[in-house]
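Chain and residue survey
So you can see what is in the structure, the chains are spelled out below.
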Amino acid sequence: MIDGRIYELIPHREPMLLINRVIELGQNFSCAEITISERSSFFIAGKGVPSWIGVEYMGQTAALIAGYQSQQGTVAPHLGLLLGTRKYEAFVPYFRAGDLLQVRCSEVAVVGDSLANFQCEIINLRDHSRCASAKLSVFRKPLTDQEQQEIPSTTGASA
């Protein structure tokens, strides 16, 4: 089940909406949960979701921050484009069915209005192990008036 607040914060929709719940959200921090099941996007029978999908889990969790900032009026609506991922380390090959993942992202630097950097990690709440970590660089492309109209009206910001 998807936490309805997510729809208000980011434009992602099923099947590419990969996070399930907002746990914590603030001006420079977000925490989301993902329950891995056989119905999860990218699930491979007998294995799970490949851990490289963790980059998208992190990106969507970071996007929650942009949505929150937009709702608070501290940033203009924009499209977040992942420029790069540095030091992505996955400590497991797959996220398995039954895993409850917690993704934590902190906005650590903003350069002007166009570049944001995030430190992210994924923790498996099943055993409290660290599954992955990375640094994300995101370009913030301002939205034109027409682009803003094309985004669902419940969305606070793009990411």
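The shown structure was predicted, so the numbers you read here are calculated from the model rather than taken from an experiment.

Reading guide: rules and limits
Residues numbered from 1 in each chain as written. Predicted model: local features only at pLDDT ≥ 70, side-chain atom pairs only at ≥ 80, totals over all residues. Heavy atoms only, no water. pLDDT = per-residue confidence, 0-100. Contact = heavy atoms within 4.5 Å. Salt bridge = Lys/Arg side-chain N within 4 Å of Asp/Glu carboxyl O. Buried < 20%, exposed > 50% of the residue type's maximum accessible area, 1.4 Å probe, protein only. Helix = DSSP H or I, 4+ residues; strand = E, 2+ residues; numbered from the N terminus. Patch = residues over 30% accessible without salt bridge, like charges linked within 9 Å, V, L, I, M, F, W, Y side chains within 5 Å. Areas by Shrake-Rupley, 256 points an atom, 1.4 Å probe, with all protein chains shown as cover. Polar contact = N/O pair within 3.5 Å; in protein donor to acceptor, adjacent residues only side chain to side chain. Pairing = 2+ DSSP bridges. Axes fitted to C-alpha atoms, helices over the stretch in contact; angles between N-to-C directions.

A few words now on the confidence of the model for the protein chain. For the protein chain, mean pLDDT is 91; residues scoring 70 or higher make up 94% of the total. For residues 153-159, every residue scores under 50 in pLDDT, and the model assigns this stretch 33 contacts once sequence neighbours within four places are set aside.

Let us now look at the pattern of salt bridges. One pass over the structure, following the stated rule, counts 7 salt bridges. A salt bridge links Asp99 to Arg96, with the shortest nitrogen-to-oxygen separation between them at 3.8 Å. In this structure Arg96 comes out as partly exposed when scored by relative accessible area, which is 42%. For Arg126, the salt bridge goes to Asp99, with nearest N and O atoms at 3.4 Å. Highlighted residues: Arg126 in the loop between β7 (115-124) and β8 (129-142) and Asp99 in the loop between β5 (94-95) and β6 (100-111), separated in sequence by 27 residues. The buried category is assigned to Asp99, whose relative accessible area is 2%.

With that settled, the discussion passes to a nonpolar patch on the surface. On the surface, Leu79, Leu81, Leu83 and Phe139 cluster together to form a nonpolar patch covering roughly 320 Å² of accessible area. Looking at which element gives the most residues to the nonpolar patch, the answer is strand β4 (residues 78-90), with 3 residues. You can see Phe139 is positioned in strand β8. Assessed through its relative accessible area of 31%, Phe139 is described here as partly exposed.

Here the focus is the side chain of Asp3. With respect to the secondary-structure elements, Asp3 resides in the segment before α1 (4-9). Only 2.9 Å separates the side chain of Asp3 from the side chain of Arg5, close enough to count as a polar contact. With near-sequence residues (within four places) excluded, Asp3 lies in contact with Asn20, Arg21 and Val22.

Time to look at the sheet that holds strand β1 (residues 21-25). Taken together, the 6 strands give an open sheet; going across it, the order is β1-β2-β6-β7-β8-β4, and neighbouring strands pair in antiparallel fashion. The sheet is open, and its two edges are formed by β1 and β4, each paired on a single side. Averaged over all pairs of adjacent strands, the angle between their axes in this sheet comes to 25°, without regard to strand direction. In terms of strand pairing, strand β2 (residues 29-35) meets β6 through 7 bridges, oriented antiparallel. Each bridged residue has a counterpart across the sheet, and for Ser30 the counterpart in β6 is Cys105. Along the sheet, helix α2 (residues 54-72) makes contact with β1, β2, β4, β6, β7 and β8, crossing β6 at roughly 55°.

Buried residues dominate β7, accounting for 7 of its 10 residues. Sheet topology note: the β6/β7 ladder contains 10 bridges and is antiparallel. Its bridge partner lying in β7, Glu107 is registered against Phe118. Taken together, the 10 bridges between β7 and β8 define a ladder with antiparallel strand orientation. Bridge pairing in β8 places Ile122 opposite Ala132. Linkage of β7 to β8, two consecutive antiparallel strands, is achieved through a turn of 4 residues, within which His128 is found at a positive phi near 60°.

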